[in-house]
Amino acid sequence: MRVWHSPLVSGTVLAIVLVIGVPIFMRLPIWLDCSLYDIAARNLQRGGVHYRDVFDTNLPGMVWLHLLVRSTCGWSSEALRTWDFGILTIIVGLLYFWLHRQATTLASRLWFLATTALFYLYLPDIDHCQRDPWMLLPALVATVMRLRQLERAGTRTGVQTSGWAFLEGVVWGLAVWLKPHAIVPALAVWLASIPRLVGVAGWKCLLADLGGLLLGGIAAGIPGIVWLKASGAWPYFWDVFTHWNPDYFAEVRAKLPDRYEDTFYYLRPWSLIHIVALPLAVVYLLAGVVRRRQQAGDRTWLYISATDEKMRRARTLFAALYLGWLAQALFLQKGLEYIHVPEVLLAMALLASQRWALGFGFLVWFVLAGTFVSLEKKSSAVKRASDWLFDKNPEFTSRYLVTHPLLRIQRLELWPRCCRERSNADLRMRLACTGHSHCGTDWRQLERVAAFLRAVDPPLRDRELTCWHDSPHTLYLWLDLQPSIRFIHVATIVHVAEHQEDVRRELLACPQRYVVSDVERVLRQPEDAGAPGATPLDLPPKFPARELRYFPWNQPIVFRAGRYVVHRVENPLGPIDIPREAFLEPEDDVDEPNGGNPP
C-alpha cells in the first residue's frame, strides 16, 4: 500500500499536527482588526453608539459576534481564539461530510483534515479570527440547505419549496451581516441550481424558490435594521455607507489589476492549488449544469467522475460556491491576505474530492524546501545553482520555498510554554509572525507604554488618549479608555484626501492629552525603529526631519519604548501626518537626519 493511501499514516499526521499546533495557536496574539471589534464591542457594553463612537466601514455583524464572545467568555485572546478554532472546526467538519458524500476514501478524508490543520493553525496571526473565514460557516450551511432543496425538488409543493428557501435565505442573510460580499457566492450557488429546479419542478417552483430566498434574506435583515435604529446608530451608519464607503471602494477598484497576482501571492505556497482547483471547479460545474455525458464512476489516475446524480449535484453546487467566493475576493475586496483563506479551504476540499492526498504532498514540499533553503545558506555551490535556476524570478525562493512553522525548531521549543502558560507579551513576540512588521505590535514595548500611561498624573480619563497608528491601539482596551476620536484605524481613513479634514476636525475638538505614535510606521525598518537617539527620548537618527512639522511628531515627547513614542499634546496640531503604508516621497529619504526631539 502507498503511504498516502494509508489511514494510519494520515491519522497519525493529523494527530501530530493538532497536538503541536493547537497550544501554539491558542497563545498567538490577536490581530489589530480584532482589537478594533473588541473596542467596538466594549463601547456597546458601556452604552455607546456604534459608528458614532467607533468608526467602522463594515456592517455590524462582526461587532455583534465580538460582543457575544466577550460577554460570555471574557476578554482574553484565548477566548476569541477558542471561538475561532470552534468555528473553523465546524467548517472543516461540514467539508469532511461533503467529501464523505463524494465516495472518497477514509485516508483521503483524513489527509484533508491534516491539510487544513497544517494550513490554518500555522497561519500568521493576521489570518485568524477574521470575518471572511467566519462568513464561510453560514455560507456552507446555506449551500447544504440548497443541496437538500435540489434533492427534494419535484416532491414538494410550491409552498414547501418557498418555505425551505426562506430558511436558506435567512442563513445567507446572516452571512451578509458579516460582509455583503456573501451575496456573490449566494447568487452563484442559486444560479447553479436553476437547471435542476426547472427540469424537475418547472418555472413556478423556481419562482417560489427565488421568492422564498429573497424573503428570508429580508427577514434576516430586519432585526439588524431595528437594532441600528433602536440603538441610535442608524444616521451614523447611513453616513458611513453613503459618504465614506464610496471613496473607500474607489481604492479597491483602482487596485483591481493587482488582485490576480494576489490570489497566488498571498498564503503561498498553499495558494498554488488554485492552478488545479479552478479548472476542476469548471469541470464540475459543466458536468452538472450542462449535463455532459459521462460514464458514472469513470476513473483515471487524475480524475474520478461522479458515481450518481446526487454526487454530481453536490459537486456542482460546491464548485459554484468556490468560484463565486473567488470572484468576490478578486473583484470586490481589498488586497489583504486573510480574505483568501476561505477560498483556499474550499480549493482543498475540491481537490480532496478526487482523493488527492494534499497533506502528504505539502509535507514533502516543505521538507524539500526547508532542506534547499538551509543548504543555500551553507553551500556556495547550492547558492550559485539557486541563482541560475531562479534568475528570471529571484523572488521564487522567498515566496514559495518556505519552511513550515511545524519544522522550525525555535517555534517548537516554545510548545511546552504554550501548554503551561497563558498568553503573555514574551510568548506573543516569540510566536507572532507579524510582531516586527510596521503594522504588527511589539507587545513587550507596548506594555512599557501602558505602565507609563497608568502612572501619569492626573490619571487618564476617557477621550484623553489618542493611539495615532494602528499597532498601539490595544492600549484602549488595556487602560479601559474610550478613544479620543472615533477613528481607530486612522490609516484606513486619512489617506483618502477628501476625509483628512474630517479627521483633523475631530482631533481639534477632542480633549486629548497624550498621543502614542509608532516610529516604525514612518521608517518601515524594524532595526531602525528601535534605534536609540542621543538621549532616551530622541527619535532614531534616520527619522526624516520633515515629519517634525506634522502631528503628532510636532508635539513634545515625554516617553519612548523602542518603536513607540508618547507625546504630550501642548503645541498647535498643525498639519496631520498620513500614516499610510508608503507615504515618503523619494526626496524625503535623503532629508537631513533628525538630531533631537521635536520642538
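Note that the coordinates shown come from a computational prediction; the quantities given were computed from them, not determined experimentally.

Enquirer: In this structure, what is going on with helix H8 (residues 183-201)? I would like to understand it.
Expert: One full turn of an α-helix is made of 3.6 residues, so residues set three or four places apart face in the same direction. The end-to-end C-alpha distance of H8, which contains 19 residues, comes to 25 Å, matching closely the 27 Å that a straight helix rising 1.5 Å per residue would cover. The sharpest bend along H8 reaches about 35 degrees and sits at Ser 193, with the proline Pro 195 one to four residues further on. Looking at the residues trailing H8, positive phi occurs at Gly 202, about 90 degrees.

Enquirer: Explain the packing of helix H4 (residues 77-100) against helix H6 (residues 131-151) to me, please; I cannot follow it from the model alone.
Expert: Packed helices, taken two at a time, are described by their axes: the angle between them and the distance between them. The interhelical angle for the contact between H4 and H6, taken along N-to-C directions, is 35 degrees, at an axis separation of 9 Å. Our pair here, H4 against H6, has a crossing hand that is left-handed. Of the residues in H6, those in contact with Leu 80, Trp 83, Asp 84, Ile 87, Leu 88, Ile 90, Ile 91, Leu 94 and Leu 95 of H4 are Pro 133, Trp 134, Leu 136, Leu 137, Leu 140 and Val 141.

Enquirer: Looking at this structure, I do not really get a nonpolar patch on the surface. What am I missing?
Expert: Judged by side-chain polarity, Phe 166, Leu 167, Leu 215, Ile 218, Ile 222 and Val 226 come together as a nonpolar surface patch covering roughly 540 Å² of accessible area. Of the residues forming the nonpolar patch, the biggest block, 4 residues, is contributed by helix H9 (residues 203-230). Relative to the helices and strands, Phe 166 resides in helix H7 (residues 158-178). Residue Phe 166 is classed as partly exposed on the basis of its relative accessible area of 33%.

Enquirer: Whenever I open this one, the state of the cysteines confuses me. Can you help?
Expert: In a disulfide, the sulfur atoms of two cysteines are covalently bonded to one another. For the structure on display, the rule yields 0 disulfides. No disulfide involves Cys 34; its sulfur sits 4.7 Å from the nearest other cysteine sulfur, which is in Cys 129. In this structure Cys 34 comes out as buried when scored by relative accessible area, which is 1%. We note that Cys 419 lacks a disulfide partner, and the nearest cysteine sulfur, in Cys 418, lies 6.9 Å from it.

Enquirer: Would you explain the sheet that holds strand E4 (residues 564-568) in this entry?
Expert: Sheets are built from strands paired through backbone hydrogen bonds, the pairs being either parallel or antiparallel. Spatially, E1-E2-E4-E3 is the arrangement adopted by the 4 strands of the open sheet, whose pairing is mixed. Every interior strand has two partners, whereas the edge strands, strand E1 (465-467) and strand E3 (557-561), have only one. Geometrically, the sheet is characterised by an average inter-axis angle of 20 degrees between neighbouring strands, direction not taken into account. Pairing between E3 and E4: 4 bridges, direction antiparallel. Bridge assignment links Ile 557 to a residue of E4, and that residue is His 567. Sitting on the sheet, helix H21 (residues 443-454) touches E1, strand E2 (514-518), E3 and E4, and the angle it makes with E3 is about 145 degrees.

Each value, and the rule that gives it
Residues numbered from 1 in each chain as written. Predicted model: local features only at pLDDT ≥ 70, side-chain atom pairs only at ≥ 80, totals over all residues. Heavy atoms only, no water. Helix = DSSP H or I, 4+ residues; strand = E, 2+ residues; numbered from the N terminus. Expected span 1.5 Å × (residues − 1). Bend = angle between axes of the 7 residues up to and from the residue. Axes fitted to C-alpha atoms, helices over the stretch in contact; angles between N-to-C directions. Left-handed = near helix turned anticlockwise from the far one by under 90°. Contact = heavy atoms within 4.5 Å. Patch = residues over 30% accessible without salt bridge, like charges linked within 9 Å, V, L, I, M, F, W, Y side chains within 5 Å. Areas by Shrake-Rupley, 256 points an atom, 1.4 Å probe, with all protein chains shown as cover. Salt bridge = Lys/Arg side-chain N within 4 Å of Asp/Glu carboxyl O. Buried < 20%, exposed > 50% of the residue type's maximum accessible area, 1.4 Å probe, protein only. Disulfide = S-S within 2.5 Å. Pairing = 2+ DSSP bridges.

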